[in-house]
Amino acid sequence: MSSSDEASWITWFCSLKGNDFFCEVDEEYIEDEFNLTGLASQVPHFRESIDVILGVEPGADVRDDILESAETLYGLIHARFILTNVGLVQMIEKHTNGDFGNCSRVFCDNQLMLPIGLSDVPGEHTVKLYCPRCKDVYTPRSHRYHRIDGVYWGTGFPHMLLMVHPELRPCPPAVQTYEPRLYGFRIHPLANQIQIQQGQKLRQAAAAAKQSNAAAAASTRSQQVALTATMGAGGKDSKHQRK
């Protein structure tokens, strides 16, 4: 990191590749100890991490473990900050700019998405994307987001945003689900159930045949070994008789 422009650690962190889902938490919010209640027990090197976050860009003398703790602590603070009015405003700007991408579902018509966590426990799930139109969650396309903990956004962020700003909630898709057809005729749902049952039977039959073939092959090998041993013993007896 370069300190030539005296950029804050927060600005530096949010500018890293893969961190563009984060917004910049106000330093005043971090300086208020009430907003950090309970986090000291979750993050090692808590005080040192706070100093890193609030200080100018750290130099090379900052230990890797403290820097890692600072990044974790910032993520946990971020999950709280984005539920405040100020945080929501920042995230709305990123949302409307398309920073979180579009829903890949055809019938959602490129609906803008929002980041979400599937758990409020650190380390369980990476960040996902929530579509307000189909109300489903998706894995981000880019692998650079696949290492980022979803707890840094929490399970309630999109719902809080849409509750406070209902004008951002889209109408449901005109077509709720894709309707499969064959030669122009709609495929009855019962056909899917029949196909699933048939598929299970075929897989079970294939597994049984594979197991039977393996048993037969093992039996054949055993017989070959026994035959070879018998022939070997017979050859030794013939040699003794000739002597």
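Residues numbered from 1 in each chain as written. Predicted model: local features only at pLDDT ≥ 70, side-chain atom pairs only at ≥ 80, totals over all residues. Heavy atoms only, no water.

Peer 1: What am I meant to see in the overall build of the protein chain here?
Peer 2: The helix and strand inventory of the protein chain stands at seven helices and five strands. Each helix and strand of the protein chain, ordered N terminal to C terminal, gives the series α-α-α-α-α-β-β-β-α-β-β-α. Against the compact-globule benchmark of 18 Å for 243 residues, the protein chain has a radius of gyration of 31 Å, which places it well outside the compact range. Considered along the principal axes of its C-alpha atoms, the protein chain spans approximately 105 × 65 × 35 Å. Out of the 243 residues belonging to the protein chain, those deemed buried represent 32%. (Helix = DSSP H or I, 4+ residues; strand = E, 2+ residues; numbered from the N terminus. Rg over C-alpha atoms; globule rule 2.2 N^0.38 Å. Buried < 20%, exposed > 50% of the residue type's maximum accessible area, 1.4 Å probe, protein only.)

Peer 1: Honestly, a nonpolar patch on the surface in this entry has me stumped. Any pointers?
Peer 2: Nonpolar side chains collect at one region of the surface, where L83, M160, M163 and V164 lie side by side and expose about 360 Å² of accessible area between them. Of note, L83 is situated in the loop between α4 (64-81) and α5 (85-96). (Patch = residues over 30% accessible without salt bridge, like charges linked within 9 Å, V, L, I, M, F, W, Y side chains within 5 Å. Areas by Shrake-Rupley, 256 points an atom, 1.4 Å probe, with all protein chains shown as cover. Salt bridge = Lys/Arg side-chain N within 4 Å of Asp/Glu carboxyl O.)

Peer 1: Where do I start with the packing of aromatic side chains in this structure?
Peer 2: The geometry of an aromatic ring pair comes down to the distance between the two centres and the angle between the two planes. According to the stated counting rule, one finds 13 aromatic pairs in the structure shown. Between W9 and W12, the aromatic rings sit 5.8 Å apart at their centres with planes inclined by 55 degrees, giving tilted as the arrangement. On the criterion of helical spacing, the pair formed by W9 and W12 is a turn pair, its members being three residues apart in helix α1 (residues 9-14). Here W9 falls in the buried class, since its relative accessible area comes to 0%. (Phe/Tyr/Trp six-rings, centres within 6.5 Å; stacked < 30°, edge-to-face > 60°.)

Peer 1: Where do I start with the pattern of salt bridges in this structure?
Peer 2: Working definition: two side chains of opposite charge can pair if their charged atoms are close together. Inspection of the entire model under this criterion finds four salt bridges. Between K94 and D99 there is a salt bridge, with the nearest N and O atoms lying 3.5 Å from each other. Judged by relative accessible area, which is 14%, K94 ranks as buried. Judged by relative accessible area, D99 falls into the partly exposed class, the value being 31%.

Peer 1: How should the state of the cysteines be read in this particular structure?
Peer 2: What makes a disulfide is a covalent bond joining the sulfur atoms belonging to two cysteines. With the rule as written, the count across this model stands at zero disulfides. There is no disulfide at C171, and the cysteine sulfur nearest it, in C108, is 12 Å away. For C171, a relative accessible area of 58% gives the class exposed. (Disulfide = S-S within 2.5 Å.)

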